[in-house]
Every structure is written in C-alpha cells, then in structure tokens.
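Here's the letter readout for the chains.
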Amino acid sequence: MHELLLQFDWLLLIEKSVLILIIISVSLVIAMYETYAERKVAAVMQDRRGPNRAGPFGLLQPLADGLKLFMKEEIIPASSNRLLFILGPGLAMLTAMMTSAVIPWSSHIEIGGKTIHLQIADVNIGILYIFGVVSMGVYGVMIGGWASNNKFSLMAALRGASQIISYELAMGLSIIALLMMTGSLSLKTIVEQQQAPGALYNFFYQPLGFLIFLVCAFAECNRTPFDLSEADSELNMGFHQEYSSMKLGFYLFAEYINVFISSAVMSTLYFGGYDIPFVNDAALGQHIGQNWLASLEALSLIVKVVAFIFFFMWVRWTVPRFRYDQLMNLGWKVMIPLALANMLGTGFFILLRGH
Amino acid sequence: MQALTNRVKVVERKPMTFMERTYLPGIFKGMMITFGHMFKKKPTVNYPEKTRPFSAVFRGLHVLNRDEEGRERCTACGLCAVACPAEAITMEAAERLPGEEKLYREEKYAVKYEINMLRCIFCGLCEEACPKDAIYLSETFAPSNFTRKGFIYGKEELLIPDPVMEPEAYAKARGEHVVKTSDPAAK
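Please read all numbers here as calculations on a predicted model, not as lab measurements. (Residues numbered from 1 in each chain as written. Chains lettered and ligands numbered in written order. Predicted model: local features only at pLDDT ≥ 70, side-chain atom pairs only at ≥ 80, totals over all residues.)

Asker: How would you explain the overall build of chain A if you had to name every residue and give the values?
Answerer: From N to C terminus, chain A includes 14 helices and two strands. Its C-alpha radius of gyration of 21 Å places chain A within 12% of the 20 Å reference for a compact globule of 355 residues. Dimensions of chain A, computed from C-alpha atoms along their principal axes, come out at roughly 60 × 55 × 55 Å. For chain A, the proportion of contacts with a sequence separation of at least 24, taken over those separated by at least 6, is 80%. (Helix = DSSP H or I, 4+ residues; strand = E, 2+ residues; numbered from the N terminus. Rg over C-alpha atoms; globule rule 2.2 N^0.38 Å. Contact = placed C-beta atoms within 7 Å.)

Here is the structure:
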C-alpha cells in the first residue's frame, strides 16, 4: 500500500490542482469583468457612459452585481421540477468551466528544475473534447427551460437546443478542414505548428473556415444575433425566466465563460494561440529566459482573447437578432454547404501539394 | 398617380447582388458605424458631480437671506404668505429682545418660518412680494426625503449660512443669483 502511494506522482497532482484552481478563478474573474465590459461597450457604442458609480470608472460594479445576486431571494416555482431546476444552472456552469481544460495557456515554465506545462491536460483529442463538452452545454439550457414549467421557458429551451445542435454541425465541418491541414487534434500541437518559424497563422490558410467557425461560435454561445433562446422581446427572458438569485447568476456567468472560452479556442485554432506575433518565440526565449517568455506568451494569448471578446460585444450591439426561420436557413442551407465546400477545397489543395 | 409632393423616393426592387446576399458588407458597414460611435463625444452630464449651468432667473429652493453682518432680514410681515398662490408658507412672528440685535435686523422677526416644498409651485411670487429681500429662490433643486413631513422646510433648512462666520458656505448657497429688486441694501 505504501509503495503504491509513493509510486503515485503527488507533485503532478499538486501542480495540476494549482493550475486548475488558477484557471478556474481566472475564468471567473474574466467572466465577471465581461459583464462590466459588456455594459461599458454597449454604453460607448450608444453614446452613453455606462456603469461609473461603483469604484473608479465603475470597476467594482461586477462585485456589486454579484453581491446583489447572492443577496436576492431565491424562488423555486411550486410547479417546477425541483431537482432538475437546480441541476440546470449547475450543469451550464460545469460545462462552461470544463472546456478550459485542454486549452494551452502558454508554453511551459521551469521552477526548481521541473518543467510545468501551462495546460491542464494535453489530450491528443483536445478538439473533440471541447466539442463534447460544449454540446453538453445544451443540457443546461434544455433542463432549465423544461424544469421551469413555463411555456416561454420551454419554447426558448427548444429553440436554444435546436440552434446549438444545428450550428454544431457546421462548426464541426469547418474544423475538419483545419484538422486536415494540421493533422493533429491536440491543441498544443496546433499552436506549435503555427509557432514554428516561417509558419503563418491558420487563419491565412482557412479564412472561410474561420468565418464559419466564428458565426457558429456566436450561435453556440447564444449571443446576439443568435440569442433566440433568451430573446427578451419575444420570450421575456427565455429559458432562465423563472430563475432568480445566484441560479440566474450561474446562467449569465456560464454564458460569459462560454464567450471567454470560445474566444480562447478561436485564438488557439486560428490565431496562433499563445504565440507572440511577429516574434520568433524560441529565439526570444533564449534571450530573456523561459519563464519570462511563458508569461509574455500568456499575455499574448490574453490580448488575443480580449480582442475576440470585444468583437463578440461589438457584434452584439450592432447586428439585430435573426428570425427563427432565418436562423435555421442560415445554419442548414448556408453554413453547412459552405463548410462542406471548404472541406472539399482544402482536401483538393492538400492532394495537389502532395502532403 | 401623380406625385403629391416632390419628396417621393422611388424604391428600387432589384434582386440583390451576390455580395449583398452574403450580408457581410452590410454587417461590416454597420459595425463601422457602431465603432465610430465609440469615439463620439458623450452628451451625458455627469450629474451630480457636474451640473448644467442654470439661467440667472432659475427658480429653485427658497433661501432666507441675511444681510452683510449676518442678521436675518425677515421681519415676518407675512406678505410672502399672502402672495403665495399655493399657500405653502406659514410663519409666526416674535419681538426682538434686547441683546438680539446681532441676530435680527428689525424689531420683529420670524420665530417660525415654514415652506411646504410639496405645495410650492416655485413661481417666485414670494420673492417678488418681499419688501426686505429676505427670501429668494436659489439654484438648488431636487430635494429628496423619506417622509412628507421632511418636505416642510423650517428655518434650519431655509436660512442661508452666516456671511461673517462662514463666508464660503454663504457664497456657495448664494450662487450666481441675480437680485431682482431695487433695494440698494440687498446688493
């Protein structure tokens, strides 16, 4: 028994636990400040000022909002299914947090002669893992809407579920074209290929694929113009209409974490991940040391992610919501054929170049 | 049919071109518009840190005035209460006792002076009626309170700070107000 315990790599366990803790708290903090950024971006685009009362520039606003949500009375409708009602937001939050496990946040750091990879798990099917977890996210919406025992909620949940499932197909097809190029499903490998000297970011090889992926990512995150599952003007608040207090907060938070994660995935797949643009990372690393390089690379990824998050918000406050039939037409009749054509075209070019 | 005005704009119903059907140029155009709005000057005035400048004749909350030596001007003649169309003003007069010359300018003063701010219509007739320039309408506004009783302002709320003892508070309370009477003592 003792030998068994000693054989186990306890240091790895501690390392990974710390990493998980850091990444989850970072995603929560980023999600918190996304709510702030969303309101601020909305405000400046509408010639308003946005939240500026709590703290300097309103920076404490998310804390105030969080406190408010915690303090609110929690109402579970009498006619709802209690277990599922509680399970819904938990599931939404869980799946949103799980996705971050395979994203490489930076190369690696060296502490006391030990190399620590700044990625929770370098799974060799990283992209499949992300897809699997993201499609679990639809259960959060579906269960929440169903358990509320409210017609509007149910309608919104159905819309949300069908939307996510439809756009997942096009998303998967657009990714296949990318994977044919990279030949690997591991996100770390994909980033390293883009990082290699002389290599361009995947975006330049797959602009159409990126566009499809981007549109589908909007749909997957239930963001405007695809926010049919919470269309305020049609369904009041959609699937989380009956929710209050922190359960509502969980749904809103999950949405923002999803935005953060999909931004990270898009930067990783198409924009070189943690690669510092215009710089040969390996050469820079020899110059300033691996630990500094890793921090710079993490910063570079964060900058890319923040740019994407801003883009999400920018689109939200520009483009109006689709009608349901328009949404389905776009998904099935435009996105999927385009993704298929992109896949075939990519295959053709790969054959032509003899890879 | 003949056009009734020359402002008719004929809508072209041509089928959309390929680029238009992708909607991407349209979305791009829209996004440029929203992006441009980020750098526009915001029309918001950051109230209450900043307030809009008032006109010189703005009629806000009332102030009971003092003279240069800090004595109350009001003699409780009751003309303001008579002039008030909303009957918002009540007062009680008292005689000045020996030794109170520093507090009150005349031999008679208002021991109680109340304005019900919920009744007041801020017409400024009390200011016009006052022969002693004892009351005027300031630039302060938007009072808030938890009870209706709180809106009945007594002398503590209405009286201007002493110009001798607290000149800064006095100047702030006085504001940019223009004295509209011909009383040379008030100027």
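Asker: Hey, could you go over the overall build of chain B for me, with residue numbers and the actual values?
Answerer: A count of helical and extended segments in chain B gives six helices and five strands. Secondary structure elements of chain B, listed N to C terminal, follow the sequence α-α-β-α-β-β-α-β-β-α-α. For chain B, whose C-alpha radius of gyration is 28 Å, the value lies well above the compact-globule estimate of 16 Å for 187 residues. Along the first, second and third principal axes, the C-alpha set of chain B runs to 95 × 45 × 40 Å. When each of the 187 residues of chain B is scored for burial, the buried share is 17%. Counting contacts in chain B only where the partners sit at least 6 residues apart, residues at least 24 apart contribute 71% of the total. (Buried ≥ 20, exposed ≤ 12 C-beta atoms within 10 Å, placed from the backbone.)

Asker: Quick one: what's the story with the interface of chain B and chain A, residue by residue and with numbers?
Answerer: With 11 residues of chain B at the contact, the number on the chain A side is nine residues. A per-class count over the side of chain B that touches chain A returns five nonpolar, four polar and two charged. (Nonpolar A, V, L, I, M, F, W, Y, C, P; charged D, E, K, R; others polar.)

Asker: So what's going on with the confidence of the model for chain B? Which residues, and what values?
Answerer: Residues and elements named next belong to chain B. In the predicted model, chain B carries a mean pLDDT of 83, and the fraction of residues at 70 or more is 93%. Considering each helix and strand of chain B separately, the mean pLDDT is smallest for helix H6 (residues 167-174), with a value of 76, and largest for helix H3 (residues 79-83), with 91. Within the model, pLDDT remains below 50 along residues 180-187, and this stretch shows six contacts once partners closer than five positions in the same chain are excluded. (pLDDT = per-residue confidence, 0-100.)

Asker: Residue-level account of the environment of Asp47 of chain A, with values.
Answerer: By secondary structure assignment, the location of Asp47 of chain A is in the loop between helix H2 (10-45) and helix H3 (61-71). Non-local contacts of Asp47 of chain A, meaning those with residues more than four positions away in its chain, are made with His37, Lys40, Lys42 and Pro43 of chain B.

Asker: A description of the sheet that holds strand S2 (residues 89-95) of chain B should follow, citing residues and the corresponding values.
Answerer: Residue and element names in this part refer to chain B. Spatial strand order, S2-S3-S5: three strands in an open sheet with antiparallel pairing. The two strands at the open ends of the sheet, each matched to only one other strand, are S2 and strand S5 (152-153). Two strands pair when backbone bridges link them, and strand S3 (residues 108-116) and S5 are joined in this way by two bridges, in the antiparallel orientation. Paired with Asn116 across the strands is Ile152, a residue of S5. (Pairing = 2+ DSSP bridges.)

Asker: An account of unusual backbone geometry is needed here, citing residue identities and associated values.
Answerer: We note that Phe57 of chain A has phi near 55 degrees; this positive angle belongs to a residue other than glycine. Here Phe57 of chain A is to be found in the loop between H2 and H3. The exposure class assigned to Phe57 of chain A is partly exposed, which follows from the 14 C-beta atoms found within 10 Å. Notably, Glu87 of chain B is not glycine yet its phi reads approximately 55 degrees, a positive angle. Its location among the elements puts Glu87 of chain B in the loop between H3 and S2.

Asker: Break down the packing of H2 of chain A against helix H13 (residues 290-316) of chain A for me, with residues and values.
Answerer: The angle between the axes and the distance between the axes are what describe a pair of packed helices. Residue and element names in this part refer to chain A. Their axes nearest at 10 Å, the elements H2 and H13 cross at an angle of 45 degrees. Classed by the angle they form, the pair H2 and H13 counts as oblique. As H2 runs across H13, the sense of the crossing is right-handed. Every residue of H13 that contacts H2 at Glu34, Ala37, Glu38 and Val41 is listed here: Ile309, Phe310, Met313 and Trp314. In terms of residue class, the contact of H2 with H13 is built from six nonpolar, no polar and two charged. (Axes fitted to C-alpha atoms, helices over the stretch in contact; angles between N-to-C directions. Parallel < 35°, antiparallel > 145°, perpendicular 65-115°, else oblique. Left-handed = near helix turned anticlockwise from the far one by under 90°.)

Asker: Please set out the pairing of strand S1 (residues 108-111) of chain A residue by residue, giving values where relevant.
Answerer: It is a general feature of regular strands that their side chains alternate between the two faces of the sheet. Residue and element names in this part refer to chain A. By the bridge criterion, four bridges tie S1 to strand S2 (residues 114-117) in an arrangement that is antiparallel. Across the sheet, residue Ile111 finds its bridge partner in S2, namely Lys114. Connecting S1 to the next strand, S2, in antiparallel fashion are two residues, including Gly112 with a positive phi near 55 degrees.

Asker: Could you give an account of the packing of helix H4 (residues 82-98) of chain A against helix H11 (residues 245-270) of chain A, naming the residues involved and the relevant values?
Answerer: All names here are of chain A. Interhelical geometry of H4 versus H11 gives an angle of 20 degrees and a closest axis separation of 8 Å. When the axes of H4 and H11 are compared, the pair comes out roughly parallel. For the crossing formed where H4 meets H11, the hand is left-handed. Listed contacts from H11 to Pro89, Gly90, Ala92, Met93, Ala96 and Met97 of H4 are Lys247, Phe250, Tyr251, Phe253, Ala254, Ile257, Asn258 and Ile261. A breakdown of the residues in the contact of H4 with H11 according to their chemical character gives 11 nonpolar, two polar and one charged.

Asker: Requested: an account of the nonpolar core, with residues and values cited.
Answerer: Ranked by size, the top nonpolar core spans 81 residues in total, and within it Ala170, Cys216, Ile257, Phe260 and Met335 of chain A carry the most contacts. In terms of residue count, H11 of chain A provides more of this core than any other element does, 14 residues in total. Apart from residues lying up to four places away in sequence, Cys216 of chain A is in contact with Tyr167, Ala170, Met171, Ser174 and Met335 of chain A. Residues Val63, Cys74, Cys84 and Cys120 of chain B belong to the second largest nonpolar core, which totals 21 residues. (Core = buried A, V, L, I, M, F, W, Y, C linked by C-beta atoms within 7 Å.)

Asker: Give a detailed account of helix H5 (residues 126-147) of chain A, specifying residues and quantitative values.
Answerer: In this model H5 of chain A runs 32 Å from its N-terminal to its C-terminal C-alpha over 22 residues, within 8% of the 32 Å that 1.5 Å per residue would give. The first or second residue beyond H5 of chain A is Asn149 of chain A, which carries a positive phi of 55 degrees. (Expected span 1.5 Å × (residues − 1).)

Asker: Can you lay out the pairing of S3 of chain B for me, pointing to particular residues and giving the numbers?
Answerer: The sheet contact formed by S2 of chain B and S3 of chain B spans seven bridges and is antiparallel. Residue pairing across strands places Ile89 of chain B opposite Ile115 of chain B, the latter belonging to S3 of chain B.

Asker: Before we move on, could you go through the environment of Val279 of chain A and cite the residues and values that matter?
Answerer: Position of Val279 of chain A relative to the elements: it lies in the loop between H11 and helix H12 (281-288). Judged by local crowding, Val279 of chain A falls into the partly exposed class, with 13 C-beta atoms found within 10 Å.

Asker: Account for the environment of Ala88 of chain B, naming residues and giving values.
Answerer: All names here are of chain B. Secondary-structure assignment places Ala88 in the loop between H3 and S2. On the neighbour-count criterion, Ala88 (21 C-beta atoms within 10 Å) is buried. Once the C-alpha coordinates of Ala88 and Val111 are considered, the two residues, 23 residues apart in sequence, prove to be 17 Å apart. Among residues more than four places away in sequence, those in contact with Ala88 are Ile115, Asn116, Arg119 and Cys120.

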